[in-house]
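# Examination of the molecular architecture
In case you want the letters, here they are:
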Amino acid sequence: MDLNQLKSFVAVAHQQNLTQAAETLHLSQPAVSAQIKALEKHLDVQLFDRNAQGMSLTAAGQSLLPRAEDLLQQMHQLDAFAGSIKHEYHLQADIGIIQMLPPSLLAECVGLIKEHFPHIHQTFSLGLSGIILNQVRRKELQGGFFVGDNPYRNLHVVDLLPLQFEVVMPSDWQNQFANSSEAMQNLPWISLSAFSALTKFEQKIWRQWKVKPTTALQCDDMYALLALVEQKHGLALLPSHYLDQHPNALIHRLPDIQLSEMLSFIYPIELELDPVISAWRTILEQVKNHAVQM
């Protein structure tokens, strides 16, 4: 006995006509007839009475029908479940993160994803904003966090919250800071690569103060950047929340030089209906509302 034989049996029992049953199964009439005969031979019992009006169930056929229907329904449910496994249990989220992302925000996102979408496996790739932007644009990542302006029309942007940035310098240099513009022009800066959003923000401050200072070093890692400032290698621009988390008496935060930029989540427009992106948009909306209420 196989499922095709049972499908033919149920179809003929419902239609009471071999030709009509064959049409519903998209099979030829001889094929359906052969499956009925094979089933009867396997069970060693007659399932149908054949007459001029069509085919009617025998007592044995009437007994078998509800069990056959139950089995086919269970197989249908199993097929539907199996088809959903790929989408419901093996979803992979490849998300880009940046050092400027507040750790508490990422932790809240991960917690909500695990709670509401436990079937999505999360993988996070750390990179600079410019690199994350290009990886998302090329669909190497499904989405990512980004700070700054998005120059690409094929990327959708979900604004989350503004981040504050401050200029820091070694505390021992405060006596050289008689004038902000003069200090920025004459004191060395620790620069960042072109892929870092901080580079563009730094240049905004320079244009605001109409200076073009010298750069002593280049460093893209915020932990190392803070250490280099501490060791008196130059001034640097860092996120305020990062400085709040790492108070340091050797570092002086310049109160008059600050900048605000939007932290966003970006993803390709064509992934708008992707289940991973839909999940992340739902979670980010909750996180965003929570941040506004705080």
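Heads up: the structure comes first, above all this text.
Residues numbered from 1 in each chain as written. Predicted model: local features only at pLDDT ≥ 70, side-chain atom pairs only at ≥ 80, totals over all residues. Heavy atoms only, no water.

## Brief notes about the overall build of the protein chain
- Each helix and strand in the protein chain was counted, giving 11 helices and 10 strands.
- Over its C-alpha atoms the protein chain spans a radius of gyration of 34 Å, topping by over 25% the 19 Å that the globule rule assigns to 294 residues.
- Principal-axis analysis of the C-alpha atoms places the extent of the protein chain at approximately 110 × 30 × 30 Å.
- The buried share of the protein chain, taken over its 294 residues, is 43%.
- In the protein chain, 74% of the contacts between residues at least 6 apart in sequence involve partners at least 24 apart. (Helix = DSSP H or I, 4+ residues; strand = E, 2+ residues; numbered from the N terminus. Rg over C-alpha atoms; globule rule 2.2 N^0.38 Å. Buried < 20%, exposed > 50% of the residue type's maximum accessible area, 1.4 Å probe, protein only. Contact = heavy atoms within 4.5 Å.)

## Remarks on the packing of helix H1 (residues 3-15) against helix H3 (residues 29-43)
- The contact between H1 and H3 brings their axes to 9 Å, and the two run at 105 degrees. Here H1 is positioned roughly perpendicular relative to H3, judged by the angle of their axes. Side by side, H1 and H3 meet where Asn4, Gln5, Leu6, Ser8, Phe9 and Val12 of the first sit next to Val32, Gln35, Ile36, Ala38 and Leu39 of the second.
- Here the residues of the contact of H1 with H3 sort into seven nonpolar, four polar and no charged. (Axes fitted to C-alpha atoms, helices over the stretch in contact; angles between N-to-C directions. Parallel < 35°, antiparallel > 145°, perpendicular 65-115°, else oblique. Nonpolar A, V, L, I, M, F, W, Y, C, P; charged D, E, K, R; others polar.)

## A short note on the pairing of strand S6 (residues 155-170)
- Relative to strand S10 (residues 251-268), S6 runs antiparallel, the two sharing 14 bridges. Counterpart to proline 162 in the pairing with S10 is methionine 262.
- Across four bridges, the pairing between S6 and strand S9 (residues 236-239) is antiparallel. For valine 167, the partnering residue across the bridge sits in S9 and is leucine 237. (Pairing = 2+ DSSP bridges.)

## Examining the sheet that holds strand S4 (residues 120-126)
- Judged by pairing direction, the sheet is mixed, and its six strands sit side by side in the order S4-S3-S5-S10-S6-S9 without closing on themselves. Bordering the open sheet on either side are S4 and S9, each of which pairs with just one other strand. Ignoring which end each strand starts from, the neighbouring axes of this sheet average 25 degrees apart.
- Relative to S10, strand S5 (residues 143-147) runs antiparallel, the two sharing four bridges. Its bridge partner being in S10, valine 147 is matched across the sheet by leucine 263.
- Helix H5 (residues 103-116) contacts strand S3 (91-97), S4, S5, S6 and S10 of the sheet and is inclined by roughly 160 degrees relative to S4.
- Against the sheet, helix H9 (residues 222-230) engages S6, S9 and S10, with an angle of about 135 degrees to S9.

## Observations concerning the packing of aromatic side chains
- Applying the stated criterion across every chain yields a total of nine aromatic pairs.
- Arranged with centres 6.0 Å apart and planes meeting at 80 degrees, the rings of phenylalanine 145 and tryptophan 280 form a pair that is edge-to-face. Pair noted here: phenylalanine 145 is in strand S5 and tryptophan 280 is in helix H11 (residues 275-293), with a separation of 135 residues, a long-range link.
- Residue classification places phenylalanine 145 among the buried positions, given a relative accessible area of 0%.
- Ring plane angle 90 degrees and centroid distance 5.5 Å describe the contact between tryptophan 189 and tryptophan 206, whose orientation is recorded as edge-to-face. One end of the pair, tryptophan 189, is in strand S7 (residues 189-191); the other, tryptophan 206, is in helix H8 (residues 197-209), with 17 residues separating them in the sequence. An identical accessibility class is assigned to tryptophan 189 and tryptophan 206; each is buried. (Phe/Tyr/Trp six-rings, centres within 6.5 Å; stacked < 30°, edge-to-face > 60°.)

## Observations concerning a nonpolar patch on the surface
- Where nonpolar side chains cluster on the molecular surface, the patch consists of Met1, Leu43 and Val45 and spans about 230 Å² of accessible area.
- Relative to the assigned elements, leucine 43 resides in helix H3.
- For leucine 43, a relative accessible area of 32% translates into the label partly exposed. (Patch = residues over 30% accessible without salt bridge, like charges linked within 9 Å, V, L, I, M, F, W, Y side chains within 5 Å. Areas by Shrake-Rupley, 256 points an atom, 1.4 Å probe, with all protein chains shown as cover. Salt bridge = Lys/Arg side-chain N within 4 Å of Asp/Glu carboxyl O.)

## Remarks on the nonpolar core
- Core analysis: the largest hydrophobic core is formed by 70 residues, its most contacted members being Met100, Phe145, Phe165, Leu263, Phe265 and Trp280.
- If we skip the residues at most four places from it in the chain, tryptophan 280 touches Ala93, Ile95, Cys109, Ile113, Gln122, Phe124, Phe145 and Phe265.
- Within the second largest apolar cluster, 20 residues are counted, among which are Val10, Val12, Phe48 and Leu57. (Core = buried A, V, L, I, M, F, W, Y, C linked by side-chain atoms within 4.5 Å.)

Any functional reading would require information that these geometric values do not contain.
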